[in-house]
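# Descriptive analysis of the structure
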Protein chains: 8
Amino acid sequence: MLEEILKQIETGQLSAEAAAKQLATFENLGFAKVDHHRKKRQGSPEVIFGEGKTSTQIIDISRAMMAKKENILVTRVNKEKAEAIQRTLPDFQYHEIANLLFMMNSGEPVYSNGYIAIVCAGTSDLAVAEEAALTAEAYGLEVRRFYDVGVAGIHRLFAHIDEIRQATVSVVIAGMEGALPSVVGGLVSHPIIAVPTSIGYGANFQGLSALLTMLNSCASGISVVNIDNGFGGAYNAVLIHRLANKQK
Amino acid sequence: MLEEILKQIETGQLSAEAAAKQLATFENLGFAKVDHHRKKRQGSPEVIFGEGKTSTQIIDISRAMMAKKENILVTRVNKEKAEAIQRTLPDFQYHEIANLLFMMNSGEPVYSNGYIAIVCAGTSDLAVAEEAALTAEAYGLEVRRFYDVGVAGIHRLFAHIDEIRQATVSVVIAGMEGALPSVVGGLVSHPIIAVPTSIGYGANFQGLSALLTMLNSCASGISVVNIDNGFGGAYNAVLIHRLANKQK
Amino acid sequence: MLEEILKQIETGQLSAEAAAKQLATFENLGFAKVDHHRKKRQGSPEVIFGEGKTSTQIIDISRAMMAKKENILVTRVNKEKAEAIQRTLPDFQYHEIANLLFMMNSGEPVYSNGYIAIVCAGTSDLAVAEEAALTAEAYGLEVRRFYDVGVAGIHRLFAHIDEIRQATVSVVIAGMEGALPSVVGGLVSHPIIAVPTSIGYGANFQGLSALLTMLNSCASGISVVNIDNGFGGAYNAVLIHRLANKQK
Amino acid sequence: MLEEILKQIETGQLSAEAAAKQLATFENLGFAKVDHHRKKRQGSPEVIFGEGKTSTQIIDISRAMMAKKENILVTRVNKEKAEAIQRTLPDFQYHEIANLLFMMNSGEPVYSNGYIAIVCAGTSDLAVAEEAALTAEAYGLEVRRFYDVGVAGIHRLFAHIDEIRQATVSVVIAGMEGALPSVVGGLVSHPIIAVPTSIGYGANFQGLSALLTMLNSCASGISVVNIDNGFGGAYNAVLIHRLANKQK
Amino acid sequence: MLEEILKQIETGQLSAEAAAKQLATFENLGFAKVDHHRKKRQGSPEVIFGEGKTSTQIIDISRAMMAKKENILVTRVNKEKAEAIQRTLPDFQYHEIANLLFMMNSGEPVYSNGYIAIVCAGTSDLAVAEEAALTAEAYGLEVRRFYDVGVAGIHRLFAHIDEIRQATVSVVIAGMEGALPSVVGGLVSHPIIAVPTSIGYGANFQGLSALLTMLNSCASGISVVNIDNGFGGAYNAVLIHRLANKQK
Amino acid sequence: MLEEILKQIETGQLSAEAAAKQLATFENLGFAKVDHHRKKRQGSPEVIFGEGKTSTQIIDISRAMMAKKENILVTRVNKEKAEAIQRTLPDFQYHEIANLLFMMNSGEPVYSNGYIAIVCAGTSDLAVAEEAALTAEAYGLEVRRFYDVGVAGIHRLFAHIDEIRQATVSVVIAGMEGALPSVVGGLVSHPIIAVPTSIGYGANFQGLSALLTMLNSCASGISVVNIDNGFGGAYNAVLIHRLANKQK
Amino acid sequence: MLEEILKQIETGQLSAEAAAKQLATFENLGFAKVDHHRKKRQGSPEVIFGEGKTSTQIIDISRAMMAKKENILVTRVNKEKAEAIQRTLPDFQYHEIANLLFMMNSGEPVYSNGYIAIVCAGTSDLAVAEEAALTAEAYGLEVRRFYDVGVAGIHRLFAHIDEIRQATVSVVIAGMEGALPSVVGGLVSHPIIAVPTSIGYGANFQGLSALLTMLNSCASGISVVNIDNGFGGAYNAVLIHRLANKQK
Amino acid sequence: MLEEILKQIETGQLSAEAAAKQLATFENLGFAKVDHHRKKRQGSPEVIFGEGKTSTQIIDISRAMMAKKENILVTRVNKEKAEAIQRTLPDFQYHEIANLLFMMNSGEPVYSNGYIAIVCAGTSDLAVAEEAALTAEAYGLEVRRFYDVGVAGIHRLFAHIDEIRQATVSVVIAGMEGALPSVVGGLVSHPIIAVPTSIGYGANFQGLSALLTMLNSCASGISVVNIDNGFGGAYNAVLIHRLANKQK
């Protein structure tokens, strides 16, 4: 059908304008997306979800990205796999606590105004918190870390609440009962991305408890990502922070 | 076997002392319980779980108790059923918000020193909170109510925290995400009985969310009763409060 | 302790400045929040969660707000309750499909630049979608509605994808299998707030299916609120949109 | 009873015809099945579910089948077990990614007209996808693989949609949120067998999320098999494809 | 971009052929689907999911379809709603047991060769079974009903097994423990669509028990649709049956 | 094939004996069951599961049974339905607390030696307990009822434990936490059929709690039936009791 | 109190008879149980649940039993632990497939009349089936094994159904969808103890699927024990079989 | 705002008293908590949750506490980790069965009057029971252990019930079906902290069964902590016991 339309323009049976109208439904289809997607901000990384991929697969994908001069962020890589990758691609830096590999190929990310807050309850949530923090930094955001401020010692949270309030977004990470986002949500007025973690035991059910707590929060302005999804929490914050910097 | 032993005492073949030793295993059995149980504190009520009982059944049980001059507490009675009961037994007082009937037959409960705190998050948890408060009062405790102090407006909690701290026990009631006991638990050092409520919707799953939150609380000194079990929360508090008053 | 410090200033033992330092820990406590919270944008409504409140309770709370000249938004009010409230407070406008009451007391909300997209799959998700849309409008946002664009007829989504792309935020609402946010998330690059609905039957388990789908989305930039929480979805969008308008 | 009937025929008291009528209820019983089942299409394999069987057990069963000159397909065999089996039965070919052993004893399967489509979202679903693809090929079907076409990058799906449309059946495999079958189902008009995988983490709950998504799909023409059941997905496709080839 | 290409053809800068190549990515996009979808088999109905729609909404949608001379099938309509609709659109026929409305506008469906089997366990699954049977008939299939042949009285199943075996597809419906599809699957060699129903109590959990049974079936060739989804079961059967009739 | 065999006997090619051997596989098939099943003990009732059947359906089935002079037991019939049935079939006796209808047509059941114990915890489990007790009586068993002997007042259980011990079987019914079968199981040495009930609230999850308790019992000799399945509990006891009476 | 009563008999204030009446509540208490329990049938084993016990603990308990000349059955012992135990106590026989240790110290169990049937679906359920079979044999029962007769090949079941019918009890073991007890239950008229196994994957949820299937069985006369509890299934059968042999 | 008030005192515009009133809301805020918390009873330990912390982290935290002369309790430390810690800090004593490390730095805890009872069902719950017992002892409580008194052998419980009754609090620990707290709760009149354990298999679901049983207990005076949370159970008992000793 398309070829007929094009033929009709060629033979003058149809003006380009009329054809455009007929083809209008094309225009708003998905095909354009690929291009727009390429127009990324300088220094923003391409992301590889490392879990369930072999070191060989990660090396292959990374090489393709290196050829295009892209910064590369690999999440969920354990130490052993990371070392295997680094032996071949020594430019990768490994952040052990966050299980992240990062390689800079297109220059440093361009930093924007303001900062986001990464808030977490205890030392056991550190892996997820650092996955979030390092992800946000890899996208060029300033990150301020507020760790170990859980509800069971709420005065530690209050000592930092003003600095948290001035962030554009907070990523609040909590395992166990997962009450921290509710408390922070009652004290700040910017958007909060809540990240439940699987830290806990027994009736925690691998993070289900924290997840349900966050979804049921009485505080407004909280939305939730998957259990242990530090990357996802940060990525949402990146999108919001850029809006605040008019850098959509 | 028992009769033989008794016979042997009668016939002098066995001394009472020797028999007592033989029967020693009896002594620590459950049978004595009924009597000990009767020795209740003056004015303490007998309790009827009203749900699933007809008004006729409740009236019958109540009459048996009235004959023994006992105060009577009936929980989980809706308005309609309460009115049916009151038509026959007009001495019952109905507390509509808590779905409770109460009748005094053995004089007022004897009040003890100190008070317990009933803390709850929002107006929607009121039914459970009042079930707890009225239960504790029926057992002769002084109750102080701290309602509408949920985590999403935590400053309201702080305005009352000192008075809460001076209670012997707190019964902390919360629906939705159920985070309140964790927060209170981080601020007081007495035992907390946490009561999850079924208030909420969606991923609340009829109180499961609040229940899990409370069981997973990072704060020490919190134990939990069944969803919506205001009576049970209060009854635990009564037992603990009496210990503190040496009135076991 | 506080009184001692104040006394020392009065007696000149301590300068106000030195005292301020000592009291610095106060400054960042929660108490200030009440005031800051008052400084709301002109026309923004106060919100009452109507479910589980009687019409009398809603009327009482509303009157208190009317006295302060605040716009009032009441969510989750069924028709019967709404009519009972309107008989007493006829200035309330009722939106039946969204179960919302709205009353303007402080002038129209101030509209900001840009718009947000409310995207939903089918006519059965309309109640939640309209709760979201009317909430956002009550906060002064321009809302564009993209209804009936579910994945089972994905060409309808493509017909509007460009207009959706130009929104600052999308609130994407879906019941049944809840796949729509994943699809939209693969086509736009702004933040998406996903709202699962309880529409469905059988293995839908009252919205659990849609909720899990959204939490597990492969697409980045999606965060999730509680099942049927149209208000919450919109409120998150309001916070993000204001950031984009530098109106925190 | 049976013997009496037979006796009566022998003695002429009953004609064979009359007896047949009396025994009619026998005729439609299950016993005939064994024979009919033997009449399989040439080259179709016998299948062994390898999980939970020792290599010795698999070897024994295989030998029995080899004696009958049957092609043999063993599913769910890890590398170590496969190698142990191959040491004894070197004619087995091992497909590591799909955990499958295959041995040809009765000649190549007879290929039919048309092809089926195996569609999957990402590289992590490859094991299940290949289990499906190799199974279908072992049954003599032409398979076309459409991998890495997940909803988060839906334009890749569109690039192949016409070729998918011309298949007789699609087996659509997806983990995480499992939305792919819904999307494909909205674009094609042949039957779709959806296979959820256990790929994911957190609120994925080992494939439950994908399973529920697929069962709740708004798109018609989708039916679902067990989590990670690539074999089952393919086997259903084989039955349907044969119908389309009049080869029941 | 599109308009530029069209302009270039008009001005002769680009041949239609070259343009077609450039636009090739368009060709395999979703837009064409609408047309293809229109080419339905004569007499096949358009389907409206009636649950959650008002009688007014159903009437409106029906009128639009009547204008296009389409047969209309409305599922999940209770008696009261059906009667309200029939008062306005008296051409609708109501099947009470299956909660279905049907209206013929484009002539009878064209019947194909062969038949499908609808097999169900007990009288309580009748509503779902009839939803399936009437749906298939509305699409022009011959349906043979085998009701009340559940596993607890398996000899009744055997009495009909040969007739079931000769169907092209079976839709097997079962509540309670849901074992029937496994048993049928062990006796026939064509594809089986299993439909769990919510019939049962206690540990049935609204059909979960039957659903899990069917997903875990040891018998090959079984795929499953949502609980109580008689329509979906039948629709899958329709697609498969048409393949067998080369009427894709 | 069958007909050929029969023909061969007729024509003398095959002796009846040889044929019998060839047909041996028939002999042990299910078809014989119908007859054997008819040989029931005098007075044993036929059972109709009343839930989900209309009064008309129950009347029809009952009439068919009355024609065969069978005793009839209808379970799960609420009062309203029962009265409708009794208006047509006044010979039915209704047991309101157990929701049972019973009609004697073939004389009283024949009573056997010994008795079974029906043990239950509280008055709220009475409906299920009476369904069990009346069922067992309808099958001609002597039943002894031990009600209101729950674990929270375990001395009441001990008062009757010897009489319980002398039963052939115990059916132990409990809701809430469902601990009673474990306790009884530690005190008796005959088989126990445990029946969980849906009595409870909150974390009871409609009987799930009691069901899990019973399945996990540390006491040996306990097996479990579905939640609220008083009939099933009794029917198992009937089968066991008959074995003890050599009346299989 | 007891001592006073005894004293009164000694001093003649109370007759033994009168005392006996007063102490009547003692008589029916639990204490007597220990003795009755000792009176076990000759050769019946004492049972140790081996899981979670160290080999040293099992050796210690075994030695205490050996001193009392008791046969010993240890369940859930893996090979390694078994060998460690056998090194010290070489009289133990190990059944590897069933993970059982058995030692005869008081002579062979006395065999009773009749047999029980152990029926299971596939080779993967063998461990549980053998745990059941060997347990029953250790208690002196004749066991007939009917393995590999699952519903997906139901003709194999029919080949043996008569022999199964003549058992006193059947223990029916099944994993995956767990439908076998329903089918057997429809064919026999003695009690069935159903044992779900954790064999399966995906939506099997570690045996939950089979457990629910069995609890929801339409066939009467089926009761269920915990997942993988072969011992429990057999022990119930032992109790019932003894009743049938009047050997309570 | 605070600084202004202080300034006004300095300049005499405001008296200290008047300022104190204005600042009153400060006084009852959380900040004071740190100090009050320091005033602990002599010898009470600081607690470290060892799970998920490395031995290095535990050593670092311990050293900080040692510097402050605090007793240290580390829970959930496996043997390997404990030994690594002891190599550096040899003053730690390791209790292997309870997975606890303890170090005394501030002198022995001060013992109070009375004792608490730790009651558990079987040897498999020993780890949790000892975690509870040693925790309570570390806090200076006298502990009496009542192990192996589960409901399946309830006479063992009765042998000790009087001694249990005289405790101030009972911590009752049970896995499997978790019925023990209900039974104890029916026999004593002091508060019971119930601790479910994850001991069990199959339908135990890692302790869920025991947890639900305890939450649904019919006995009053029972509250529950998380699965396997021996420490939490004991800590609640410590708080209650201190109240009974007026040592809040």
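Residues numbered from 1 in each chain as written. Chains lettered and ligands numbered in written order. Predicted model: local features only at pLDDT ≥ 70, side-chain atom pairs only at ≥ 80, totals over all residues. Heavy atoms only, no water.

### Some points on the overall build of chain A
Helices and strands together make up the secondary structure of chain A, namely 12 helices and 9 strands. For chain A, the proportion of its 248 residues judged to be buried stands at 61%. The long-range share in chain A, meaning contacts at least 24 apart out of those at least 6 apart in sequence, stands at 68%. Split by element, the accessible area of chain A, about 9,200 Å² in all, is 50% carbon and sulfur. (Helix = DSSP H or I, 4+ residues; strand = E, 2+ residues; numbered from the N terminus. Buried < 20%, exposed > 50% of the residue type's maximum accessible area, 1.4 Å probe, protein only. Contact = heavy atoms within 4.5 Å. Areas by Shrake-Rupley, 256 points an atom, 1.4 Å probe, with all protein chains shown as cover.)

### Here's the deal with the pattern of salt bridges
This model, assessed by the stated rule, comprises 64 salt bridges over all chains. Across the salt bridge formed by E142 of chain F and R144 of chain F, the nearest N and O atoms sit 3.1 Å from each other. For E142 of chain F, a relative accessible area of 34% gives the class partly exposed. Look at R144 of chain F and you get partly exposed, because its relative accessible area is 27%. In the salt-bridge network here, residues are joined through shared partners; they are E51, R76 and E131 of chain A. (Salt bridge = Lys/Arg side-chain N within 4 Å of Asp/Glu carboxyl O.)

### Some details on the interface of chain A and chain C
Facing the 39 residues of chain A at the interface are 39 residues of chain C. The junction of chain A with chain C conceals about 3,400 Å² of combined surface from both sides, 57% of it contributed by carbon and sulfur atoms. Elements with a contribution of two residues or more to the side of chain A that touches chain C: α9 (161-165), α11 (208-215), β9 (222-224) and α12 (230-244) of chain A. Broken down by element, the residue count for the side of chain A that touches chain C peaks at 7 residues, all from α12 of chain A. Taken together, the residues of the side of chain A that touches chain C break down into 19 nonpolar, 14 polar and 6 charged. (Buried area = accessible area lost by both parts, 1.4 Å probe. Nonpolar A, V, L, I, M, F, W, Y, C, P; charged D, E, K, R; others polar.)

### Focus: the domain arrangement of chain A
Where the parts come together, the accessible area they lose is often given as the size of the interface. Residues and elements named next belong to chain A. What the domain assignment lists for chain A is domain 1 (22-103) and domain 2 (111-246). Listed as interface residues are 13 residues of domain 1 and, on the opposing side, 12 residues of domain 2. Where domain 1 meets domain 2, there are 1 salt bridge. Note that R76 and E131 form a salt bridge whose closest N and O atoms lie 3.9 Å from each other. The tally of links between domain 1 and domain 2 comes to 2 residue pairs in polar contact (both at pLDDT 80 or more). Those elements that place two or more of their residues in the side of domain 1 that touches domain 2 are β1 (45-49), β2 (71-75) and β4 (100-103). (Domains from an automatic or database assignment. Polar contact = N/O pair within 3.5 Å; in protein donor to acceptor, adjacent residues only side chain to side chain.)

### Some thoughts on the relation of the copies chain G and chain F
Mapping chain G onto chain F is achieved by rotating through 180° and translating by 0.0 Å along the same axis, at an RMSD of 0.1 Å. Expressed as an axis order, the relation between the two copies is that of a two-fold axis. Looking at the interface residues of chain G, 100% of them are also at the interface in chain F, so both copies use one shared face. (Least-squares fit on C-alpha atoms with pLDDT ≥ 70 in both.)

### Things to note about the environment of V195 of chain D
All names here are of chain D. Position of V195 among the secondary structure elements: in strand β8 (residues 192-196). Since its relative accessible area comes to 0%, V195 is described here as buried. Once the C-alpha coordinates of V195 and G178 are considered, the two residues, 17 residues apart in sequence, prove to be 8.8 Å apart.

### Here's the deal with unusual backbone geometry
Excluding glycine, a negative phi dihedral is what most residues carry, and trans is how most peptide bonds are arranged. All names here are of chain A. Even without being a glycine, Q206 presents a positive backbone phi close to 55°. Locating Q206 in the fold gives a position in the loop between β8 (192-196) and α11. Using a relative accessible area of 61% as the deciding quantity, one classes Q206 as exposed.

### Observations regarding the interface of chain G and chain F
The partner chain F presents 39 residues to the 39 residues of chain G that form the contact. Taken over both partners, the interface formed by chain G and chain F buries close to 3,300 Å², and the fraction arising from carbon and sulfur atoms is 57%. Between chain G and chain F we count 0 salt bridges in total. Sorting elements by how many residues they give to the side of chain G that touches chain F places helix α12 (residues 230-244) of chain G first, with 7 residues. When the residues that make up the side of chain G that touches chain F are grouped by side-chain class, the tally is 19 nonpolar, 14 polar and 6 charged.

### Some words on the sheet that holds strand β4 (residues 100-103) of chain G
All names here are of chain G. The mixed open sheet is built from 4 strands, whose spatial order is β1-β2-β4-β3. What marks the edges here is a single partner per strand, and that holds for β1 (45-49) and β3 (93-95). Adjacent strand axes in the sheet meet at a mean angle of 20° when their direction is disregarded. Here β3 runs beside β4; their pairing, made up of 3 bridges, is antiparallel. Its bridge partner lying in β4, H95 is registered against L100. Helix α5 (residues 55-67) rests against β1, β2 (71-75) and β4 of the sheet, and its axis sits at about 170° to β1. (Pairing = 2+ DSSP bridges. Axes fitted to C-alpha atoms, helices over the stretch in contact; angles between N-to-C directions.)

### So, the packing of helix α5 (residues 55-67) of chain C against helix α6 (residues 79-88) of chain C
All names here are of chain C. Relative orientation of the contacting elements α5 and α6 amounts to 45°, with a least axis distance of 9 Å. The angle between the axes of α5 and α6 places the two elements in the oblique class. Like other packed secondary-structure pairs, α5 and α6 cross with a definite hand, here right-handed. Within the contact between the two elements, α5 uses S55, I58, I59 and R63 and α6 uses K81, A84, I85 and T88. (Parallel < 35°, antiparallel > 145°, perpendicular 65-115°, else oblique. Left-handed = near helix turned anticlockwise from the far one by under 90°.)

### Some remarks on the packing of aromatic side chains
To describe a pair of aromatic rings, you give the distance between the ring centres and the angle between the ring planes. All chains considered together, the criterion is met by 28 aromatic pairs over all chains. Aromatic ring contacts, followed pair by pair, group Y139, F231 and Y235 of chain A into a single cluster. Its end group placed over the ring of Y115 of chain B, R144 of chain B keeps NZ or CZ at 3.7 Å from the ring centre. A cation over an aromatic ring shows up here: R76 of chain C above the ring of Y201 of chain B, its NZ or CZ 4.0 Å from the ring centre. (Phe/Tyr/Trp six-rings, centres within 6.5 Å; stacked < 30°, edge-to-face > 60°. Lys NZ or Arg CZ within 6 Å of the ring centre and 35° of its normal.)

### Describing the packing of helix α7 (residues 126-138) of chain A against α12 of chain A
Residues and elements named next belong to chain A. Packing of α7 against α12 leaves a shortest axis separation of 7 Å and a crossing angle of 35°. Note on packing geometry: the crossing formed by α7 with α12 is right-handed. Contact residues: α7 offers V128, E131, A132, T135 and A136, while α12 offers G230, F231, A234 and V238. Split by residue class, the contact of α7 with α12 holds 6 nonpolar, 2 polar and 1 charged.

### Considerations on the pairing of strand β6 (residues 142-146) of chain G
All names here are of chain G. Sheet topology note: the strand β5 (residues 115-120)/β6 ladder contains 5 bridges and is parallel. Bridging from a neighbouring strand, I118 pairs with R145 of β6. Handedness of the β5-helix α7 (residues 126-138)-β6 crossover: right-handed. (Right-handed = clockwise from strand over helix to strand, strands pointing away.)

### Quick look at the sheet that holds β4 of chain A
Residue and element names in this part refer to chain A. Read across the sheet, 4 strands follow the order β1-β2-β4-β3 without closing on themselves; strand pairing throughout is mixed. One side of each edge strand has no neighbouring strand; the edge strands of this open sheet are β1 and β3 (93-95). The sheet shows a mean angle of 20° between the axes of neighbouring strands, taken without regard to direction. Pairing between β2 and β4: 3 bridges, direction antiparallel. Looking at the pairing, L73 lines up with F102 of β4. Where helix α6 (residues 79-88) meets the sheet, it contacts β3 and β4, and its direction lies at approximately 175° from that of β3.

### Topic: α6 of chain C
Residues and elements named next belong to chain C. If you check which residues of α6 are buried, you get K81, A82 and I85. Along the long axis of α6, the arc covered by the buried residues comes to 100°, so they all point the same way. Opposite the packed face of α6, turned more than 90 degrees from it, sit the exposed residues E80 and R87. Close packing links the buried residues of α6 with α5, β3 (93-95) and β4 (100-103). (Arc of directions from axis to C-beta.)

### A closer look at the pairing of strand β8 (residues 192-196) of chain H
Residue and element names in this part refer to chain H. Most of β8 is tucked away: 5 of the 5 residues are buried. Of the two faces of β8, the one holding I192, A194 and P196 and the one holding I193 and V195 are both buried throughout. Running through helix α10 (residues 180-185), the crossover from strand β7 (residues 170-174) to the neighbouring parallel element β8 is right-handed. As paired strands, β8 and strand β9 (residues 222-224) are joined by 3 bridges and run parallel to one another. Residue pairing for β9: I192 is matched across the bridge by I222.

### Let's talk about the side chain of N226 of chain C
Tracing the backbone through its elements, the reader meets N226 of chain C in the loop between β9 (222-224) and α12 (230-244). For N226 of chain C, a relative accessible area of 2% puts it in the buried group. A distance of 3.0 Å separates a polar side-chain atom of N226 of chain C from the backbone oxygen of Y201 of chain B. With near-sequence residues (within four places) excluded, N226 of chain C lies in contact with L215 and N216 of chain A, Y201, G202 and A203 of chain B together with V195 and P196 of chain C.

### Let's talk about α12 of chain A
In a regular helix each residue adds 1.5 Å, so 15 residues correspond to 21 Å; α12 of chain A covers 21 Å between its end C-alpha atoms and thus fits that length. In the stretch just after α12 of chain A, K246 of chain A is the one whose phi turns positive, near 50°. (Expected span 1.5 Å × (residues − 1).)

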